[in-house]
Amino acid sequence: MTENTQQQPATAPELPTQYAPADVEGPLYERWVERGYFEADANSDKPPYTVVIPPPNVTGSLHLGHAFEHTLIDALTRRKRMQGYETLWQPGMDHAGIATQNVVERELAKEGKSRHDLGREAFIERVWKWKSESGGQISGQMRRLGDGVAWSRERFTMDEGLSQAVQTIFKKLYDDELIYRAERIINWCPRCLTAISDIEVEYQDDDGELVSIRYGEGDDSIVVATTRAETMLGDTAVAVHPEDERYKHLVGREIELPLTGRRIPVVADEHVDPEFGTGAVKVTPAHDPNDFEIGQRHGLPSLAVMDERAVITAHGPFLGQDRLEARSAIVGALRAEGRIVAEKRPYTHSVGHCSRCKTTIEPRLSMQWWVKVGPLAKAAGDAVRDGRVAIHPQEMEKRYFDWVDNLHDWCISRQLWWGHRIPVWYGPNGEVVCVGPDEEPPTGEGWHQETDVLDTWFSSGLWPFSTLGWPEQTASLAKFYPNAVLVTGYDILFFWVARMMMFGLYAMDGTPPFHTIALHGMVRDQFGKKMSKSFGNAVNPLDWMDKYGSDALRFTLARGANPGVDVPIGEDWVQGSRNFANKIWNATRFALMNGATVEGPLPDATRMSATDRWILSRLNSVVAEVDAYYDDFQFAKLSETLFHFAWDEVFDWYVELSKTTFMGGGEAAKVSARVLGEVLDVTLRLLHPVVPFVTDTLWTTLTGGESLVVADWPKDSGFRDEQAEREIELVQQVVTEVRRFRSDQGLQPGQKVPARLELAGTSLTPHEPAIRQLLRLQPEGEGFHATASLPVAGATVALDLSGAIDVEAERKRLTKDLSAAEKEIAAARAKLGNEAFLAKAPEHVVDKIRTRLTKAEADVTRIQSQLAALPQS
């Protein structure tokens, strides 16, 4: 399974009696980094395996979502490194335009200043100063978690190399007429004072009002309904469906727009749903995306009636009022004129909010820069459809296609100062010049650069190749592009993944940025509720790492990670994982004290006991299972498999079954010591990617090897011994059944009981010492009287419980259990014999009843045997 090239110490090494994560994790991580284990060599002959970190914001700190995602990526990359791949986990941070600018502006506000007091250049210098002093805290927190990233390659989306990549691709897209400038309706945040993209808008149900307003007079009147009455000041038409008989007489005519002194036309447009409301809609081209399209079709003017802070700019009594203040005032004025036909409050409807500051978004007509996404999005869709890129789990493909197949042009300009400034210069006579990184910008009187910066997602969309040196054709780019896999949450499938797919395929001549997109869910609390400070259930992962160790947090997160499914987590579960780490520690201490070794080859199977052959057979099966789960990104299943193998089979069964062998000494003990060393060696290797700290500490102590980080990944040797597995399964049946019987009788776990084991004709005979040891069974002595006899696994265990139990009470309990089991059988048979029931019931319901019947029948057989074993009164 593994090649043991290390030399084990001559004397058995000692481990502290208890594992103290705080004493181990920090120094051990720094040792890994100092030895360069996580660095990647672009000139290596090894096959590459590359994963990029989803770049956290420079303003951010480690939250549970980061810890979850990083645990999964770290597990993948650690395993691949052990398998002999030249592994690169690329680290870095995002400049986070809006978020970072907001942080620094808040600092300035404390000084009584704004960014405008400093000016653009001085403000940007202030942001860089903040970054160097306070930004990037998450890097240190990633070390706490054990992230095996190549720190020497750390990048920042605003560093010189990545800025060159941004300017290069902007110029290329511009020259290919895939970037353009146009006046369109955009999502505007009146708080951040910038445009934001569709995917940065969060929708939630808000309580508002729905007001029906009468425009015009008499036969020329028409009723429209709105939730944003303030926008009526910018109405330039009313639209109706061309086939709506109610309004055909009005189409082409003008009606009065209340409060404004203006008259506006009634236009016929198929966009209007005649079945919704009154069948007529007000048209405000400057403040609604649908209305803008109607306006374009009918040549309507666009009147902006609000400024960038959502303050009314239309002349009249509402000038200078905030949009919400104006809404109330306008409804009041309309009511005074008798124009209000109906009012509904509260009216719950979906409202867009800025994902950064939660301010209500205002649709606004604005001149912005756009990416023409049509051909780029088609290429991104085709790469998945033709199999060049796999999405895992596959059912997430539909969401991906729904997005890329219906993508609107992307607004990439932001009215900020912090970010990549758009490389376009305007001349005094209307010239527009896009400048590449190796070109000199135009100079002279009247020339000036565009003041807007690019959307943060523009630069992070280049992440898989810009971090490797593109546009330069570097050795790293040749070696490590494309990435093997992208591990990320389904929540940014649209934000980030689609952008990387579009740009990667475009910039890298049709080569997608990664082979596989592995999507995971969101971390939630133990009740499945979203974690939030406002809910009072947010958790700082550092607190749990301080209390239970990083391995405990990592194992808990991995154990809940089913592909594409949200992950519930609670502190009790982290505590349970801490107990698992302690169990591994204690079992390894026991093994070392009993001479467990990895020195020399494994003994021939003919020299091994059935117990030894059983655990090696199971070990190889687990290696194969874990490999299959890793290849399918089934982190929960591989963690669960390793947990139960290590805790149940190795520690609770093999170690316990081997204690009598170790106590007996001799050749058998030496063989078992070597087998135990092998089992621990391989188990620690298998566990290492998920729980790196405790496993590395134990493995280096056990083997004398350098580090698990650079050790070989185990391989399935193909060794299987079905006979030994069946034999130990019988031992487990005997031990489990007798333990249950003892518990039913109220016997203490350590209470010794005289017993006779009738094992003749079974394969259990060699295991009698171990069975007696595990069950605390004394040899039968003089005066032995079997008060209970348990037939199990072809053997009989006769127990002398004289004075230990109340026989009549036990008979009553068993009789009651027997009656319950017989009733269960009768009920199940009645349902399964009912043809009408079988015809209507779902298959899974019928299967459940069949399972209950089988169990009840087995219970009757067992209880009848137990009753027969009780002594007669």
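Preceding block: the structure.
Residues numbered from 1 in each chain as written. Predicted model: local features only at pLDDT ≥ 70, side-chain atom pairs only at ≥ 80, totals over all residues. Heavy atoms only, no water.

Caption draft 1: Main features of the overall build of the chain. Helix and strand counts for the chain come out as 27 helices and 29 strands. Each of the three principal axes of the chain carries a C-alpha extent, and together these read 115 × 70 × 55 Å. For the chain, the residues scored as buried account for 54% of the 873 residues in total. Intrachain contacts of the chain at a sequence separation of at least 6 include 78% that bridge at least 24 residues. Accessible area for the chain stands at about 38,000 Å²; split by element, carbon and sulfur atoms hold 49% of it. Of note, the chain has its 94 positive side-chain charges centred 4 Å away from the centre of its 126 negative side-chain charges. (Helix = DSSP H or I, 4+ residues; strand = E, 2+ residues; numbered from the N terminus. Buried < 20%, exposed > 50% of the residue type's maximum accessible area, 1.4 Å probe, protein only. Contact = heavy atoms within 4.5 Å. Areas by Shrake-Rupley, 256 points an atom, 1.4 Å probe, with all protein chains shown as cover. Lys, Arg positive; Asp, Glu negative; His and termini not counted. Charge placed at Lys NZ, Arg CZ, Asp CG, Glu CD.)

Caption draft 2: Geometry of the packing of aromatic side chains. Considering all chains together, one arrives at 26 aromatic pairs under this definition. Between Tyr-29 and Phe-38, the aromatic rings sit 5.9 Å apart at their centres with planes inclined by 35 degrees, giving tilted as the arrangement. Overall, Tyr-29 belongs to the buried group, its relative accessible area being 1%. You can call Phe-38 buried: its relative accessible area is 2%. On the basis of an interplanar angle of 55 degrees and a centroid distance of 6.3 Å, the ring pair of Phe-170 and Phe-458 is categorised as tilted. With Phe-170 in helix α7 (residues 160–175) and Phe-458 in helix α12 (residues 456–460), this residue pair connects regions lying 288 residues apart in the sequence. For Phe-170, a relative accessible area of 0% gives the class buried. Residue class for Phe-458 comes out buried when judged on its relative accessible area of 0%. Among the aromatic residues, those joined into a ring-pair cluster are Phe-170, Tyr-174, Trp-369, Trp-410, Phe-458 and Phe-503. We note Arg-115 situated over the ring of Trp-417; from NZ or CZ to the ring centre the distance is 4.7 Å. Sitting over the ring of Phe-590, Lys-659 keeps its end group 5.4 Å from the ring centre. (Phe/Tyr/Trp six-rings, centres within 6.5 Å; stacked < 30°, edge-to-face > 60°. Lys NZ or Arg CZ within 6 Å of the ring centre and 35° of its normal.)

Caption draft 3: Summary view of the packing of helix α18 (residues 571–593) against helix α21 (residues 666–687). Two elements in contact, α18 and α21, have axes separated by 11 Å at closest approach and are oriented at 155 degrees. The angle between the axes of α18 and α21 places the two elements in the roughly antiparallel class. For the crossing formed where α18 meets α21, the hand is left-handed. Within the contact between the two elements, α18 uses Phe-580, Ile-584, Thr-588 and Ala-591 and α21 uses Leu-676, Leu-680, Leu-684 and Leu-687. Looking at the contact of α18 with α21 residue by residue, the class counts come to seven nonpolar, one polar and no charged. (Axes fitted to C-alpha atoms, helices over the stretch in contact; angles between N-to-C directions. Parallel < 35°, antiparallel > 145°, perpendicular 65-115°, else oblique. Left-handed = near helix turned anticlockwise from the far one by under 90°. Nonpolar A, V, L, I, M, F, W, Y, C, P; charged D, E, K, R; others polar.)

Caption draft 4: Main features of the packing of α21 against helix α22 (residues 692–703). Here α21 crosses α22 at 150 degrees, and the two axes come no closer than 9 Å. With respect to α22, the axis of α21 lies roughly antiparallel. Seen from above, α21 lies across α22 with left-handed handedness. From α21, Gly-677, Leu-680, Asp-681, Leu-684, Arg-685 and Leu-687 reach across to α22, where they touch Thr-695, Leu-698, Trp-699, Leu-702 and Thr-703. Along the lines of polarity and charge, the residues of the contact of α21 with α22 split into six nonpolar, three polar and two charged.

Caption draft 5: Molecular detail of the sheet that holds strand β18 (residues 424–426). Strand order in this open sheet of three strands is β19-β18-β20, and the pairing throughout is antiparallel. In the strand order of this sheet, the two ends are held by β19 (432–434) and β20 (448–449), each with one partner. As paired strands, β18 and β20 are joined by two bridges and run antiparallel to one another. Looking at β20, one finds that Trp-425 is bridged to Gln-449. (Pairing = 2+ DSSP bridges.)

Caption draft 6: Geometry of the pattern of salt bridges. Under the definition given, this model contains 60 salt bridges. Measuring nitrogen to oxygen at the nearest pair gives 2.9 Å for the salt bridge that ties Arg-720 to Asp-716. Taking the relative accessible area as the measure of exposure, Arg-720 reaches 35% and is therefore partly exposed. For Asp-716, a relative accessible area of 34% translates into the label partly exposed. Here the salt bridges do not stand alone but share partners, grouping Arg-214, Glu-217, Glu-256, Glu-337 and Arg-339 into one network. (Salt bridge = Lys/Arg side-chain N within 4 Å of Asp/Glu carboxyl O.)

Caption draft 7: Representation of unusual backbone geometry within the structure. Each neighbour pair has its own omega, and for His-392 with Pro-393 the value is 0 degrees, a cis peptide bond. The residue Pro-393 is located in the loop between β15 (390–392) and α11 (397–404) in this model. A cis amide bond, omega 20 degrees, links Trp-470 with the succeeding residue Pro-471. Here Pro-471 is to be found in the loop between α13 (463–466) and α14 (475–480). Even without being a glycine, Ala-310 presents a positive backbone phi close to 65 degrees. For Arg-776, which is not glycine, the phi torsion reads 55 degrees and is therefore positive. A relative accessible area of 34% means that Arg-776 is categorised as partly exposed.

Caption draft 8: Geometry of helix α19 (residues 610–631). Spanning 22 residues, α19 covers 32 Å between terminal C-alpha atoms, matching the ideal 32 Å at 1.5 Å per step. Along α19, 17 of the 22 residues are buried, which leaves the element largely enclosed by surrounding structure. (Expected span 1.5 Å × (residues − 1).)

Caption draft 9: Expanded view of the nonpolar core. Grouped together as the largest cluster of nonpolar side chains are 202 residues, with contacts concentrated most on Ile-169, Phe-170, Phe-458, Phe-465 and Met-501. When neighbours within four sequence positions are excluded, Ile-169 is seen to be in contact with Phe-458, Leu-462, Phe-465, Trp-470, Phe-503, Tyr-506 and Ala-507. Counting residues in hydrophobic clusters, the runner-up holds 28 residues, among them Ala-229, Leu-233, Val-331 and Ile-340. (Core = buried A, V, L, I, M, F, W, Y, C linked by side-chain atoms within 4.5 Å.)

Caption draft 10: Expanded view of the state of the cysteines. A full pass over the atoms with the stated rule returns zero disulfides. The structure places no disulfide on Cys-189, whose sulfur is separated from the nearest cysteine sulfur, that of Cys-357, by 3.4 Å. On the basis of relative accessible area, Cys-189 is assigned to the buried category, the value being 0%. Classification of Cys-357 by relative accessible area gives partly exposed; the value is 24%. (Disulfide = S-S within 2.5 Å.)

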